[in-house]
Structure formats: structure tokens, C-alpha cells
Amino acid sequence: RDFVRKAPQTITAMAAVEEKVKTTTPVEEPEQASAGASEPPAKKAKNEEPEEPKELELDEEEDKRPKTKIVSKLNAFDSTLDSIVAGGVLSGLSSDIFAACKKAVRGTAGIKAGRYYFEVKALEFGIGPQALKTLAVGVSTSSTSLVPKDGETFAMFNSDSHYYTGEKRQPLHIKEREARGFHAGDVLGVLLNTTDAGNAKSISLFKNGKRCGDAMPLPETTEAWFPHVMLRCANVAVNFGPQQQAPTPFKVRMWCDAANPDAVQSPVAEPKQKSKPQAVVAVGVPNNGLYNWVDEFLSKNPDFMEVSNRAAARYVDQSGTRLNSIGGTEDRPACSGHGIDLKQVGLQNPRVREQLLQAAVVRRRNVVIVGVIDNLKASERGRLLAILGGQYSVSATVVAGEPPADFKKKAQDAVRSAKAAAHERAVEIVKKRNESARTQKLVRMKADRARKLQAIQTRRKAAAKLRELKKQKDEAKAKKEEADAAKKEGEAKDDEKKEEEEKKEEAAAPAEEEKVEDELNEDIDPETLVPEVDESAISDGEAEPEFKDETDYSKVWFVPTKHPEFPAEALASSFTEFALPTKEEGFEKVDFAWKGNKDAQAALTKLVFDCKKMQPIHVQHSEWFKDQMVAWKVAFGKWKDVHEEAARKEQDRLRQKKEAGEDVEEDDEVEIWGVEDILDAAGGMPLFKNFRHEDWVMLQLRFELHCMVHAFSKATEDHPGIHPDLLNHYSMQFFQRPLQVMFYGQKDMAEFLITLADTITVNEDTGCVEAGHPDETPIDTFVKLTEEARRERAARIEAGDETAKLVIGDRRSSIKGKGGKGKGQRFDAPFQKGFVAAKGFQKGAVRPVVPPQGFRAQPYGLQGGAPWAKGFGKGVGGRGKGW
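Residues numbered from 1 in each chain as written. Predicted model: local features only at pLDDT ≥ 70, side-chain atom pairs only at ≥ 80, totals over all residues. Heavy atoms only, no water.

A.B. asks: Kindly report on the packing of helix H15 (residues 623–660) against helix H16 (residues 693–715), identifying the contributing residues and their values.
C.D. replies: Where H15 meets H16, the closest approach of the two axes is 11 Å, and the angle between their N-to-C directions is 170°. As summarised for this structure, H15 and H16 are arranged roughly antiparallel, according to the angle between their axes. Touching Trp624, Phe625, Gln628, Met629, Trp632, Phe636, Trp639, Lys640 and His643 of H15 are Trp696, Leu699, Gln700, Phe703, Cys707, His710, Ala711 and Lys714, all from H16. For the contact of H15 with H16, the residue count by class is eleven nonpolar, four polar and two charged. (Axes fitted to C-alpha atoms, helices over the stretch in contact; angles between N-to-C directions. Helix = DSSP H or I, 4+ residues; strand = E, 2+ residues; numbered from the N terminus. Parallel < 35°, antiparallel > 145°, perpendicular 65-115°, else oblique. Contact = heavy atoms within 4.5 Å. Nonpolar A, V, L, I, M, F, W, Y, C, P; charged D, E, K, R; others polar.)

A.B. asks: Break down the sheet that holds strand E9 (residues 162–165) for me, citing the residues and quoting the values.
C.D. replies: Sheet architecture is open: seven strands sit in the order E1-E4-E15-E7-E8-E9-E10, paired in antiparallel fashion. Where the open sheet ends on each side, the last strands, each with one partner, are strand E1 (74–79) and strand E10 (169–171). Direction aside, neighbouring strands of the sheet carry axes that sit 25° apart on average. The pairing of E9 with E10 spans three bridges and is classified as antiparallel. Considered in E10, the bridge of histidine 162 is made with proline 171. (Pairing = 2+ DSSP bridges.)

A.B. asks: How would you explain the packing of aromatic side chains if you had to name every residue and give the values?
C.D. replies: A full pass over the atoms with the stated rule returns 27 aromatic pairs. Look at tyrosine 117 and phenylalanine 206: their rings are 6.1 Å apart centre to centre, the planes differ by 70°, and that puts the pair in the edge-to-face class. With tyrosine 117 in strand E6 (residues 115–125) and phenylalanine 206 in strand E12 (residues 202–207), this residue pair connects regions lying 89 residues apart in the sequence. Phenylalanine 206 carries the same exposure label as tyrosine 117, and that label is buried. Here the aromatic cluster, defined as three or more aromatic residues joined through ring pairs, consists of Trp632, Phe636, Trp639, Phe688, Phe691, Trp696, Phe703 and Phe782. Directly above the aromatic system of tyrosine 553 lies the positively charged group of arginine 416, at a separation of 4.1 Å from the ring centroid. When the ring centre of tryptophan 624 is taken as origin, the NZ or CZ atom of lysine 714, which lies over that ring, is 5.4 Å away. (Phe/Tyr/Trp six-rings, centres within 6.5 Å; stacked < 30°, edge-to-face > 60°. Buried < 20%, exposed > 50% of the residue type's maximum accessible area, 1.4 Å probe, protein only. Lys NZ or Arg CZ within 6 Å of the ring centre and 35° of its normal.)

A.B. asks: Describe helix H19 (residues 780–798), and please don't skip the residues or the numbers.
C.D. replies: Counted at 1.5 Å a residue, the expected span for H19 with its 19 residues is 27 Å, and the 27 Å between its end C-alpha atoms agrees. At its buried positions, H19 is contacted by H15 and H16. Glycine 800 lies just past H19 and shows a positive phi near 100°. (Expected span 1.5 Å × (residues − 1).)

A.B. asks: For the environment of valine 608, give the residues involved together with the corresponding values.
C.D. replies: Along the chain, valine 608 falls in helix H14 (residues 597–614). In contact with valine 608, not counting residues within four places along its chain, are Phe575 and Phe578.

A.B. asks: I'd like a description of the sheet that holds strand E24 (residues 589–592), backed by residues and values.
C.D. replies: Strand order in this open sheet of five strands is E19-E22-E18-E23-E24, and the pairing throughout is parallel. Each edge of the open sheet is held by one strand with a lone partner, namely strand E19 (304–307) and E24. Neighbour-to-neighbour, the strand axes of this sheet turn through a mean angle of 25°, independent of strand direction. The sheet contact formed by strand E23 (residues 393–399) and E24 spans four bridges and is parallel. Bridging from a neighbouring strand, valine 398 pairs with phenylalanine 592 of E24.

Geometry only, nothing functional implied.
Spelled out as C-alpha cells, the structure:
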């Protein structure tokens, strides 16, 4: 409707515009009009297909120079450990750790001048994650790593359609989508042009005879270029000539036809070994510098290769799989790689080093085999000897005992340098922190000064406006006052009084008025009112840490490794198999790096001894222990009855004396060790008449520990004894009750052992618990020991020593809450750990009845089949009150 309404105006406007265009546009000539009728140039260029870039490489001219006698082939000795070179075919190991590693090889012949070509055919890409499938072809110098790193000299085309050098990564501009990437069956050609003709100083990639992308510039170097192939999850065949498998558009000489002046022999050749390769099995005691010795050995013998799980982790990291983290231990590294699962890498598998050793044996490399735990076991050494077979000259080197002085000095220097470097890093961190804080404070001070200047300008503008308004107001007021002067003479007098009061108030605060006036005075520069920022007033910040090295370097023998040498669980489960190597196992010789056989055997014996005392074992209860427990139960029950009877008699005696009005005097204490019968110490009273609850608890504890230590030594004659940290473990075995030092009012095991020094002691040599009395000690002796401790404790308390009080805890924590509605009959069902009976379950007989109706929740803490107590209230659901 709006369009129809506005249509006349719109048509009129369009007509006016059309008329204006006709009058301003010049008339075209017929020839120009016909030319304009043709297709626009931009559209014509869009419809036409772009012309392919002209190939700059020309046919190779005949070279009359003699050909090189160097045989062009893959150099099996210039390849990674997991590479398999068979003729012109390159493949690799793909199990466990090798699945994540890149396989690489270089050729035997290098080119230092000229233009030459070689081909690589992708036979297949293996099964695996796409992220692992890699194929790269190109050239590199002999000094470059087989898996190149940044900063090295190489030029390679990768299957991700990128060109890589040691300095940068560039994409290949490939127009055809089908030509991108490498696929099984593709023939990849590499053209190296070091001349000044064609694509000078460049390298080009061809796929099935067609150019892939532009020629890429070669890195500058004076070394020769060697063919370089790198792959993972793939197999390839390399062709150095003389015929091309996929002909190029121009004639080019193959790599094997290189002229003699242009070719260079690879410096990496088959080693000339007059005898068998060597294998050294390094055997060391844990935490005795085995890996320090290996590092020093490798620095002195660079032709040797380390075979260990630690070396496997380094190999994976250096072979192109970036490890995000390496942790664990030296024997069992823990790491995760880019696109790799830890289980797939398998670096914590103890068999990883065997795979590494098998690959080294194929290459006939000299090896030093390392493993702290595994090499101490004769069975593991036998597996290593079986892999080496008769192909190697195998020896064992034992690293144990105190190292020589020069070795310790190197370790001390390394530790000292590490501490100094750590201090320098700490100082640098503090400097950066102080500089940052100083800069921030300076910025805040300058911003504060700028705000003050801005505030002065704002106040001056406001004051100017106020003065203008006041002026206008005063003028209006003056006019009004002139008109009303005759009528309001009295009011004028009042105004004079007010003005006088205002003047007095102004005189009372002259400093503030002066300050305000200075800020509002337009003649004063604001910069003079706000002081400049004083950078010298900014504090220096945090003080730099001082270098304090309080290390006793006389005790430093080894350089601490980045990670522990071995996992603790492996030591605990293997120490019974530890033994030093001998010639009878199959070694040609057994060397001792630091000390002789005697010292090494002593170090191993000490290790096994320490492992034994810290390793809990299961002990069978002997007949002696059972007899002692039976006798104890009889005697203990009898003593408790006698104690109750003596307490009753003592109460009757005291009551009678009070009724008779006689003074109650305390009985003299008898000599403890002079008492022959503890049930009749004096006046028919037992020696333990003054025992309280804590004394009975300590009496039982003394006797049980005495029996446990003797029973353990009788059952394990070759064991060093019970370590204090394992008293709780063996208490559960012997008495089915934990030994909690806090229950006996002690903070830790050391205080606990001091309290029981009259019964058990710690041997300074072994560090294990010993019984203070022979196994035939009468039971009465422990009553005397407890009475003696009670009297000593009472004397200390009487002297004001509150720490002497012995507070025995409750093994079961009490839970506050109201009990059920029952009559409180006893509930004797067995409790699980942590269950505490509620109030109302204390007394009464057990009555096996079914759970009452309405009980919906599970019986918390109760074992299956336990009887329910009489008096359990009906309708209790969930964890109700009193539980």
C-alpha cells in the first residue's frame, strides 16, 4: 500500500535521474560501442584457465667427466637403531617403544656440486593412528642428526605438504588436491640443484613425475648433501638409478651417475672390528652412584651405547616423539608423548631394555647394560647373556662401596656448581620481581600526580563558573538593595553584623584559605603545586637471597639423579634374589670399579639386611608363645580378682577407722624387688594394690611386647628383628589389635619406646627392637616393673610435673546422641572397623531376633548374619540418633 502510494513520486525521480545521465554521458562511437559489447576483460580472465608456470629445469647436457666409483645405496650404519635396511628397502621395528619412533637413514654417496635426482617409492603405510604416519624425503649433511633438530642443516619434504629446514617450515603450494600428501604407491622424486642454472641452489619435489610446488631454496653450507629418508608407520623403496621409475619432463642424471668430482663418500662406514663387540653389564648397589658411573664411562668410551629404560626414554624423545613429561625413576621412567599412549610407549616395562639390546646386537654395537634392580638378580643377568649369545665379549663391572677420591671430587664439584646455578636463578628471579614492582609503583605514582593535576584544572574551571555566577548574583542583589534601602534600614544593619562574623571565620582558617587560593589562582602553574615523582623514594624491594652453602662435601660421594634410581616396590619384592655376578654365570671377567669383592659383598649384605628389617613378613605362632599367652590369661584374671578383693578390704579398713575416730595413715611402701610373692607383699595385700586402669593397661602391654619380640626371634632366626615402624603390623599379627602410640598418651614411636625402656630397647647397630629380659623371665617381673614405673610417675606428679601423667585413650571414639527406646540390652554382634555402639546398647543379653518392622536402612557396621538386640526401637530408619 505504501509502495503504491509513493509510486508516482518514485517514477518521477527515476525519470529525472535517467535524463541527467543521458545529458552527461558522451555519445560512444560505433567502433567503441561494438568493442564495449564484447565480454569484459576481468570476466574473460576468470573463465580462461591459468597457464602453468614454465619449467626452468632444462635437459641435462652430456657430461664427459668420469663417473664416481662410490656405490650409491642406503647406509645401514648411518641409520637409527630401529631401522631395517634390506637392499633399497627401508622399514623398521614397530613393537612397544619403537612404534613411536621415527626411522631414518642416509645414503652412502653425497653431492657437493651439480644437479642430481633420486626417487623414493612409498610401498605401504602401516596400521596405526594417523598422527603417527610420517614420511619425509630430502637431503642433509653428515653432521646432522638422523632425526633432524632445529638449527641443523637439512632440507626435507614432509607428507604434510610442507618443506622443512633447520630454520623454518614452509607450505608447498600444490594446486591439485590429489597431489597433496603422500600415499601408498606414489613415486617421490627429489631434485638437488647446486648449480647456477635453472632453479639455482634449490631442491624440488616431484610426485609420479610431476612437480609438486615450487623449487625451494637450499640452506647455505659448505658440506656435501646426502640423501635422507625418514618414516614412521611406513615402508619405502629407494632408487638411486640408473633408470627413473617415474620420468620427469626433462632429462636429469640419477644419483648413482654422479661425476667423480661431484661425489663424496659418507664418513659413516662399517666399523672395522678385529674382535667381537663388547658388552658390559653394570651391577651396582641401590643409591650408590651406579648411573653416575655409567655417565662417566660413556664420556670416556663414546663408542659404547647405553642400554637401559632410561636410554629408551631418551631414544623416544630424540626420535621425533616429543615427551611431555619424564618422571618415575631411572630404572622405570614414566612419560607421555605427543599423540602416544603411555601403555603404547611401554617405558615402564622391564623388558623394554631387552628390545633395545636386541636391536643393538643386530648392529653389533658396543653396549653397557644398566639396571639397578634387574642387574642384581642372577636370573635377569642370564636373560641378557642369552640375548648376547656368543657374539659378544661379555664382562660384568660391580659398582659398590666407597668411590675413589677423583670420582668424589667430580661429584662434589658438580653439586657445588648446581647449587651456585640455583642461587643465580633465584637472584635473577628476585631482580625481575623487584624491577616489576618498582615499575608498577612508578606508574602508579605518575598516575596519581596526573590525577592531582587534573583535579586542580577541574577545580579552577568550576571556580571560574562560580565567580561568574556570583558576579551576576551580586549585581542583582545590589539592584535589589538600592530599591529596598529606604524600607529596610534595620535589615541592612543585620547584614553588616553577618559580614563581620564571616570575616572572623575567614581569619580563623587562614592556612586552608591560602591553600585553596593557590590551587584556584590562574597565575600559578599547577606543575609547581604538585611535587614531581621522586624515583629515589621508591624502596629497593625484596632483598636478594644470600648464597649459603652449608653442605658437608666430605659426605657427598655422588651427584643426585633427577629421579630416584629405582621404584621402592621393586626393591621390596626382589631383594631376596640379589647376588653379585660371578664367572660361573658366563662372564669372561668380573671387574670391581671402586672396591674389591669383599667390600662389594659387604655393601650388598648390608642392603639385604636393611631390606629385611623394613619388609613385613608373616610369622607363625610358636608353641612357646601359645603357652605364654595361656599362662598370662590365667595369671592376669587371678590378679584382677585379688585386686578387687584387696580394694574391698582396704575400703572396709578405712571405714572402720573413721567410725572409731582413728587417724588414717598411709601404709609404707615395700621394697619392690625384695618381694617374693606379689600377692602378699605386706600385711596380706598384693603389690599391685594401688593399680589403676592405666597401670593394668601398661602391664599387659609390657608382657605382650616381651612375648612378641621373643616369639619373632624364635620364628625367624636369620632375621635382624622387628623395626619400630613395624610394631603396629606385628601387633595385628600376634594379638589382632593395632598398636597405636596415641592410645597410650604418646606423640610418636620414639616417646613410646622411652616409656617402655624397662621392657624393650632399640639396638643401635641394627635399629631393631630387642627384649630387655630373657624369654624365661617370670610373669611376676612385669608386675614389679609396672609398680616401679607407677611410683616414679606418682613422685613426678607430686613434684609438680604435669607431663608425667599417663592418659590412656579409648580405642573406640564415642558418638554423642540419644539412644533408642529399648531397655538398653547389650548388643554383642561383632563390629566392623570404625563402628561404635550407641548409648542404649551397653548391657543385656543377646537375643537373635529378626530386624524390627520399619527398619529400612542397611545395618551400618554390622557383619552379615549378626543377631539383633532386644530393645531396638521400632520404626528406626536410616542412620538415626544414637548410631
